Amino acid sequence: MKKTVISLLLLLIFSTFGFQCSFLERTENEEVDFWENPAQLDLDEIKKRGFIRAIVDNSSTSYYIYRGRRMGYEFEMLRNLASFLDVRLHLIIKSDIGEAFQLLNQGKADIIAMNFAISEERKKYANFTAPLGSMGTVLVQQKRSDALTEPIELEDKTVFIQQDAIFKSQLCSLQRNLGISFSIIEEKGDSDYFINRVVKDEIQYTVVDKVVALVNSTYYSDLDIQMEISPKEDVAWALRKNSPLLEEEINKWIKSKDKTGYIRTLYAKYFQNTKNSYFRTTSPFSSLAGNSISPFDDMIKKGADNLGWDWRMLASLIYKESRFDTTATSYAGATGLLQLMPVTLERFGVENPNDPMESLMGGVSYLKYLDKFWRERVPENNERLKFILASYNVGHGHVLDAWKLTRKYSKNPQIWQNVAHFLKLKTNPDYYKDPVVKSGYAKGHLAVNYVDDILILYDSYRVLIEP
């Protein structure tokens, strides 16, 4: 009993005050076997399914939403990579590095797009791309008269860091080299989270990548980021160890982008243009600082209630159509937030398409009409939504043709994936001249991509913006 009490007291002490390096060494997790036997999945399987799954975190330097638009250094890099591989990009948002490595090795993700310093420990669990750049790490603290100026002054202090990041080994190395002792507490959360805690005076010290610290110091003027913890070292993305073809293609892409200066230009956009970074990351229309997508969110919520939709889905459709520009006009003459054609404007009583509320409600009326059209043919709500979106883009006549072709070829016409297959075939005369087809030729693949784009954007809004 006495031993149990002592053990519980020690656990409570270490949980409260953090661990020194001697207590931080991890033991092997014998229960998890996917580290030694990762999922068998390489570039050919990724190309076959048509998209690559990448893990990013929601931070000022990786990925975020600004005025409805997806932005971030890693995001733009990944979007370019996906285009190079001729696949679509699906993002998984995680700040927990340990969980990210698990998803990678389980085959639920294909790449971890975080700037990893390559260590021997990490090489046990993943391979790494060619270097994408180099980063150093710094201590973040508030500007005060007693602010630390030398690493040796960390003696007896407590430093909070991101769990499973390279910062732990860097701080432990510092302790060994200087012969000092201080506590290190690892918690879940990204670098922005820990910097915000320093700003709010919830913690005194954290360690982050220097470029992340520089970006944050632009809009938090009371941050001191002068103390270097570790000098610059190469950083890269993580891949499964058994994905050699994917690794080869990504390295080929990195080499080509290095030659063109693309990576340097993108780096400057997010890490050196501090004024733009400040406005993007502190705006109420940023997923980093607020919970709004556009100036029209209240209107969109009313329209979504009328439809019975999640308002973020309707916002995704509006962004795809007009990027929230009330004066947008397409080459075909579609106007307003929801880009309605003149005949649709007249049909649903929209007199001023540049009036955001009028345009929005006209579009909502049209979406309700499409919902009614498909309701009996596709009773399941989530599947029917995809039919509605495709119909909004290419017209319900073309989607109905694909629905009929699906039924003719003995596939389930209530499943969007089946109908999408035949919609893409409407460029082929063997299909668009079929007797069941009434609306003729269509670039159906564009409508299928349109649906995918909106669903991918909605997934980002759903994760980053509260209902």
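The present account deals with the structure reproduced in this document. Fair warning: this is a prediction, and the values are worked out from it, not measured in the lab. (Residues numbered from 1 in each chain as written. Predicted model: local features only at pLDDT ≥ 70, side-chain atom pairs only at ≥ 80, totals over all residues. Heavy atoms only, no water.)

What about the overall build of the protein?
Scanning the protein from N- to C-terminus turns up 20 helices and 12 strands. Considered along the principal axes of its C-alpha atoms, the protein spans approximately 80 × 60 × 50 Å. Considering the protein as a whole, with its 467 residues, one finds that 51% of them fall into the buried category. Once local pairs closer than 6 in sequence are excluded, the contacts in the protein between residues at least 24 apart make up 70%. Put simply, the protein shows about 22,700 Å² of open surface, and 49% of that area lies on carbon and sulfur atoms. Each charge class in the protein was averaged separately, 59 positive and 61 negative side chains, and the resulting centres sit 6 Å apart. (Helix = DSSP H or I, 4+ residues; strand = E, 2+ residues; numbered from the N terminus. Buried < 20%, exposed > 50% of the residue type's maximum accessible area, 1.4 Å probe, protein only. Contact = heavy atoms within 4.5 Å. Areas by Shrake-Rupley, 256 points an atom, 1.4 Å probe, with all protein chains shown as cover. Lys, Arg positive; Asp, Glu negative; His and termini not counted. Charge placed at Lys NZ, Arg CZ, Asp CG, Glu CD.)

Points about the nonpolar core
Leu78, Trp309, Leu314, Leu317 and Trp416 are the most contacted members of the largest nonpolar core, which totals 106 residues. The biggest single contributor to this core is helix H20 (residues 444–464), with 9 residues. Once residues lying within four places of it in the same chain are set aside, the contact partners of Leu314 are Ile300, Gly303, Ala304, Leu307, Trp309, Leu360, Val364 and Leu367. Formed by 34 residues, the second largest nonpolar core is a distinct cluster that contains Ile112, Met114, Tyr205 and Ile229. (Core = buried A, V, L, I, M, F, W, Y, C linked by side-chain atoms within 4.5 Å.)

Focus on the packing of helix H18 (residues 416–424) against H20
The interhelical angle for the contact between H18 and H20, taken along N-to-C directions, is 145 degrees, at an axis separation of 7 Å. Like other packed secondary-structure pairs, H18 and H20 cross with a definite hand, here left-handed. Where H18 approaches H20, its residues Trp416, Ala420, Leu423 and Lys424 are matched on the opposing element by Gly444, His445, Ala447, Val448 and Val451. Considered class by class, the residues forming the contact of H18 with H20 number 6 nonpolar, 2 polar and 1 charged. (Axes fitted to C-alpha atoms, helices over the stretch in contact; angles between N-to-C directions. Left-handed = near helix turned anticlockwise from the far one by under 90°. Nonpolar A, V, L, I, M, F, W, Y, C, P; charged D, E, K, R; others polar.)

Some points on the environment of Leu81
Mapped onto the secondary structure, Leu81 falls in helix H3 (residues 73–85). Residue classification places Leu81 among the buried residues on the basis of a relative accessible area of 1%. Along the chain, Leu81 and Glu249 lie 168 residues apart, while their C-alpha atoms are 9.4 Å from each other. Residues within four places of Leu81 in sequence aside, it is in contact with Ile111, Trp237, Ile250 and Trp253.

Some remarks on the packing of helix H13 (residues 311–322) against H20
At a minimum axis distance of 9 Å, the contact between H13 and H20 shows a crossing angle of 130 degrees. The angle between the axes of H13 and H20 places the two elements in the oblique class. The element H13 and its partner H20 pack so that their crossing is right-handed. Note on element contacts: H20 touches H13 through Tyr450, Asp453, Ile454, Leu455, Leu457, Tyr458, Tyr461 and Arg462, opposite Arg312, Met313, Ala315, Ser316, Leu317, Tyr319, Lys320 and Glu321. (Parallel < 35°, antiparallel > 145°, perpendicular 65-115°, else oblique.)

Here's the deal with unusual backbone geometry
A positive phi angle is found at Asp86, which is not glycine, with a value near 60 degrees. Assignment of secondary structure puts Asp86 in the loop between H3 and strand S4 (88–93). By relative accessible area, which is 67% here, Asp86 ends up exposed. Here the phi dihedral of Ser410 falls at roughly 60 degrees; this positive angle occurs in a residue that is not glycine. Position of Ser410 among the secondary structure elements: in the loop between helix H17 (396–408) and H18.

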